[in-house]
Amino acid sequence: IYLNFLLEGFYTHLNDPFANHYSQPDEDGIVIYTRINAEKGASVRGLNFELNLVPAEDLTLKTGFTVQSSLYEKVQEFDEKRFLRSPGDYGYMALDWQSVGNFGFSSTANYTGKMLVPYFGVDQAEPNQGELRVSQRFLEMGLKLRYDIRLNGATLRLYTGMKNIFNSYQSDFDTGIGRDPGYMYGPLNPRTVYVGLKIGNQLK
């Protein structure tokens, strides 16, 4: 049995960190995003752990989780010190099992915690002001099955799987002519089924 466990703390101080300045919406509802350097610094600190476990030659588990705080020293837009679009916790898991014969199985999971997301669409609580919204948490899981066929020193791999099994996906996309096209967060794809094949002599 192979076991590796890592626990670490981290602290980073940022000088002249990037920040965003948002203009007031014009008569057409257009908002201009300008990237600036914040007047004071910022800090990112937190705890991280990782675990690698190989209980058998054909079974591997890797997982990790991070809790962090990302703060400007001076308030920025929306009177907020916290970084925007930066979750306070996130993690991952990857499990791989080379089962009987040439069959293999793998599973992955990615967790993303809540984050602050700016919104400038038509559904603002106070029109033409913009607002901060708190995103939902996401757990994106995937499964993949594979089968290897040996071909004169090479390998033909057939595989199929599903991404984002539970369809953990943003549920409040903005719509309509006055929508905010920048109001997007979370996993890139909804539930997706795929099939494919690979051929080579270095497949793992």
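Here is what the cut-offs are and how they apply
- Residues numbered from 1 in each chain as written.
- Predicted model: local features only at pLDDT ≥ 70, side-chain atom pairs only at ≥ 80, totals over all residues.
- Heavy atoms only, no water.
- Helix = DSSP H or I, 4+ residues; strand = E, 2+ residues; numbered from the N terminus.
- Polar contact = N/O pair within 3.5 Å; in protein donor to acceptor, adjacent residues only side chain to side chain.
- Contact = heavy atoms within 4.5 Å.
- Phe/Tyr/Trp six-rings, centres within 6.5 Å; stacked < 30°, edge-to-face > 60°.
- Lys NZ or Arg CZ within 6 Å of the ring centre and 35° of its normal.
- Salt bridge = Lys/Arg side-chain N within 4 Å of Asp/Glu carboxyl O.
- Buried < 20%, exposed > 50% of the residue type's maximum accessible area, 1.4 Å probe, protein only.

Some thoughts on the side chain of Ser107
- With respect to the element layout, Ser107 can be found in strand β7 (residues 103–112).
- Looking at Ser107, its side chain comes within polar contact range of the main-chain oxygen of Gly142, at 3.3 Å.
- In this view, Ser107 contacts Met93, Ala94, Leu95, Met141, Gly142 and Leu143; residues no more than four positions away in its chain are not counted.

Looking at the packing of aromatic side chains
- Inspection of the entire model under this criterion finds 14 aromatic pairs.
- It is Arg35 that lies over the ring of Phe18; its NZ or CZ is 5.3 Å from the centre.
- In this structure, Lys163 is placed above the aromatic ring of Tyr194, and the distance from its NZ or CZ to the ring centre is 5.5 Å.

Looking at the pattern of salt bridges
- Taken as a whole, this structure holds five salt bridges when the rule is applied.
- Of the charged contacts in the structure, one is a salt bridge between Arg146 and Asp96, with a shortest N-O distance of 3.1 Å. Of the two residues, Arg146 sits in strand β10 (residues 138–151) while Asp96 sits in strand β6 (residues 89–97), which places them 50 residues apart along the sequence.
- In this structure Arg146 comes out as buried when scored by relative accessible area, which is 8%.

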